[in-house]
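The chain contents come next:
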Amino acid sequence: MTMKRKASRRSHFINQRQAVRLLRSGILLRFDFTLEEMLRHIVETARQVIGSRYAALAVVDEQGKVVQFIHSGITPERARKIGELPKGRGLLGLIMESGRPIRLKDLTRHPKAWGFPPHHPPMKSFLGVPISVGGKPYGRLYLTEKIGAPSFTKADEDLAVLLAAQASAALERALLTERARQTERLVILNEIVSSLNRLTSEASLMEAVVKGVEKAVPYAEASLCLYREEEDAFAGCVASAESQLGRLHQRWKGKSLKVSRTPFGACIRNKEPIRVADLQKPETPFARWLLRHKIRSFIAAPIVLDGAVMGILFAGSRYANPFSDEDLTFLKGVADQVAVGLKNVRLLRQLREKERLRGLLLNKVLTAQEEERRRISHELHDQIGQLITALLIQLQILERDLSGDALKERLVPLRQLADQIASQLHHIAWELRPPALDELGLPAALERTVSEWSARFGIPCLLQFKGLDGAVLPPEVSIGVYRIVQEALTNVAKHSKATSAQVSVCRQGNILQVTITDDGVGFHPAALLQEADQNKKLGLVGMMERAVMLSGKVVIDSQPGEGTQVTALLPINGTLPPETSLVLKAKGGVFNDRKRSVGASRTRSDR
């Protein structure tokens, strides 16, 4: 057999072997790779299939500028020494300009060769092919230093072109997958942001974030730990209960973990995300625990706001190097949102604490006010009332002892004036603190108050009760309801020009609903509450403060020309449930347990 035929057979054998390697690489069959993983897989496959010492792939933008450079065959240590990656000038840029493969025996002799930087390994044989995706230039695949031969062959070139075509299809699919993944992650990020805006406690916020991260990065376990700067330690860590991290945090519950015992020191100090591709040599107790429980890699992003580190968001995987740049970017984006969410929760907590203290102070003020009202009421009724009664008795005695009719007639207006003073004094004492409220309960006190109000102002008022028969309300709730009704009726008399009114008190479970309705001229509640003149809105504010003091709320529904409805929802014990809404309406005929029409017979339901 001639030497030429032997070389041809050897070349044919090598081509077959290379084709088998290309098929085994399964570039078109990999659906589980991210875009970055696919790029690395293409470079490794090209180097092994074609048989070169070095391989690289340069991804370019629309202007032809290299935006990503993936290489194989050069150790990380040497790559660090070389420093700056190629920019795509000279010979490397020629491939994209020509759009054709280039094969050289010695690239250093090419006119466009720029030479090599310090520490770069020597390279002579060269093979380069362009890669297009969707009909547009995407990148360049380079191979240098053919193994076992002084240069690359035409068969190598054909194989590289075939590999570039397969890579083009695989990259197009990977790009579509990447876009779909990014869209899905945007949806998840929006869900996380929405939950952060909705949640009001740190624990629920942290749990929602962990679930969202694990949904976006399904090959990882997530954890969120708060950072205490004064201790330089993590505390209050949250993870999924069924995960390895969740079991670890359960062991540390109530304890703090020094940052020095974790691999996150650089993340806290530099306030930058970190990524560990393969945890082969753990240096801290936490890292050793991770590896012992088969967590081989992780990414972490600091939660930073206004320059202060609030915590760390962490994701670990049992696989080596599973996290892409997109994963790290996503985690950092979530961490930024968490920082804002945590700040809002803490501000809300501070606000609630201030409201609680304000409520306690208001409670003390109103309690002292009620006690003072009670004292003054008793003094008016017991002391001054007795003096006026004694005055009336003395006038009666004097009238009996006088003999002249003229003198007796002069005593009549004095006796009438004393009667009016006694009646007015009794009314003032009742308004200050009705004895029936303490002795007979809320319904009796309201019946007396509504009756007197209707008689005084000539406005018929329908009074309704439901669910109060036999009920014993806490004293603070009774006086709160009484004062709200009292203030609302005062407003009706002063401002509404109403022809009728209605008061209803309904108990449903632990909630007491008090509604005062009139058919008067109405007003704009929001505009009135923004009024600079405090006197104009004092009554409304007083009702609201009464309700808040009792952990309830007041809703005012009014429009000019459509009357007004004031509704107070008050818990009898505890607080209102979050889902409480104004489902009970105080319209005529709804409540039928007890009704009393006070004043004129014409009621709102009759009109």
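Whatever comes next refers back to the structure up there.
Note that the structure is predicted; figures quoted are calculated from it, not measured.

A. Highlighting the overall build of the protein. Secondary structure summary: the protein contains 16 helices and 17 strands in total. Here the protein holds 607 residues, and 43% of them are scored as buried. A separation threshold of at least 6 residues defines the contact pool for the protein, and within that pool the share at least 24 residues apart is 64%. Accessible surface, the protein: about 33,200 Å² in total, of which carbon and sulfur atoms supply 53%.

B. Layout of the pairing of strand E10 (residues 297–305). A large share of E10 lies buried, amounting to eight of its nine residues. With three bridges joining them, strand E9 (residues 274–276) and E10 adopt antiparallel strand pairing. The residue of E10 that forms the bridge with arginine 275 is isoleucine 299. Pairing of E10 with strand E11 (residues 308–317), which is carried by nine bridges, proceeds in the antiparallel orientation. When the sheet's bridge partners are listed, phenylalanine 298 is paired in E11 with glycine 316. Hairpin connection between E10 and E11: a loop of two residues separates the two successive antiparallel strands, and aspartate 306 in this loop has a positive phi of roughly 55 degrees.

C. The arrangement of the packing of helix H13 (residues 442–457) against helix H14 (residues 475–496) in detail. Relative orientation of the contacting elements H13 and H14 amounts to 10 degrees, with a least axis distance of 11 Å. As judged from the angle between their axes, H13 and H14 are roughly parallel. Between H13 and H14, the residues in contact are Leu442, Ala445, Leu446, Thr449, Val450, Trp453 and Phe457 and Ser478, Val481, Tyr482, Val485, Leu489, Thr490, Val492 and Ala493, respectively. In the contact of H13 with H14, the residues fall into 12 nonpolar, three polar and no charged.

Rules and cut-offs
Residues numbered from 1 in each chain as written. Predicted model: local features only at pLDDT ≥ 70, side-chain atom pairs only at ≥ 80, totals over all residues. Heavy atoms only, no water. Helix = DSSP H or I, 4+ residues; strand = E, 2+ residues; numbered from the N terminus. Buried < 20%, exposed > 50% of the residue type's maximum accessible area, 1.4 Å probe, protein only. Contact = heavy atoms within 4.5 Å. Areas by Shrake-Rupley, 256 points an atom, 1.4 Å probe, with all protein chains shown as cover. Pairing = 2+ DSSP bridges. Axes fitted to C-alpha atoms, helices over the stretch in contact; angles between N-to-C directions. Parallel < 35°, antiparallel > 145°, perpendicular 65-115°, else oblique. Nonpolar A, V, L, I, M, F, W, Y, C, P; charged D, E, K, R; others polar.

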